[in-house]
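A look at the structure
Each chain is listed here by its residues.
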Amino acid sequence: VRRARYISCIRDGGGNVELKDQSGYYVYQVSGDIDAYDRMSDGCARGTTALIEPLYVDVLMNPDKLDPDEALARCFVAAGLVKAPFGAQDLRDLMTAAGADGDSSGTPVDPAAQELVNSEKSIKCMENPSSMGKEE
């Protein structure tokens, strides 16, 4: 009900948004005028999704309240992408090697790291770090 009210509010304001399932929770896929969506989003979220969704997603994705990088590192191990021991710093190093850390310091990209980070299992872990081990 809250999501439907949020989406109606966005549409009433001229925006276009759809729900997309993302490994156990929904994200909002925006099309059309992104600036209009950005202007309306906070106002539409008040009284609909603003308080409950972040709590739900946090509990779903990180039930053990780990550092987000540690949760993702554990998912990579559970998915068989890397071998233990593999922790948060190892994950950050892997992301840097893959060119996926947003740092443009000129570090050469490692194609093997890039392939691992862009794999289906890796993407599933990034969508929901607690997803591995539940289905596999």
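A brief report on the enclosed structure follows.

What counts, and at which threshold
- Residues numbered from 1 in each chain as written.
- Predicted model: local features only at pLDDT ≥ 70, side-chain atom pairs only at ≥ 80, totals over all residues.
- Heavy atoms only, no water.
- Helix = DSSP H or I, 4+ residues; strand = E, 2+ residues; numbered from the N terminus.
- Buried < 20%, exposed > 50% of the residue type's maximum accessible area, 1.4 Å probe, protein only.
- Disulfide = S-S within 2.5 Å.
- Contact = heavy atoms within 4.5 Å.

Before going further, it helps to examine unusual backbone geometry. Residues Ala84 and Pro85 are joined by a peptide bond in cis, for which omega reads 0°. Mapped onto the fold, Pro85 is located in the loop between helix H4 (68–78) and helix H5 (88–98). The backbone phi angle of Lys65 is positive, close to 55°, even though this residue is not glycine. Its location among the elements puts Lys65 in the loop between helix H3 (52–61) and H4. In this structure Lys65 comes out as exposed when scored by relative accessible area, which is 72%.

Quick look at the state of the cysteines now. Applying the stated criterion across every chain yields a total of 2 disulfides. Covalently, Cys9 is tied to Cys44 through a disulfide, its sulfur atoms 2.0 Å apart. Linking Cys9 and Cys44, the disulfide has an S-S dihedral of approximately -75° and is accordingly described as left-handed. Residue Cys9 is located in helix H1 (residues 2–12), and its partner Cys44 is located in helix H2 (residues 34–45); the two are separated by 35 residues in the primary sequence. Cysteine pairing in the protein chain follows 1-2, 3-4, where each cysteine in a disulfide is numbered by its order in the sequence.

Next up on the list: the environment of Ala45. Along the chain, the position of Ala45 falls in helix H2. Along the primary structure Ala45 and Lys83 are separated by 38 residues, whereas in three dimensions their C-alpha atoms are 41 Å apart. Once residues within four sequence positions are removed from consideration, Ala45 is found in contact with Tyr6 and Ala50.

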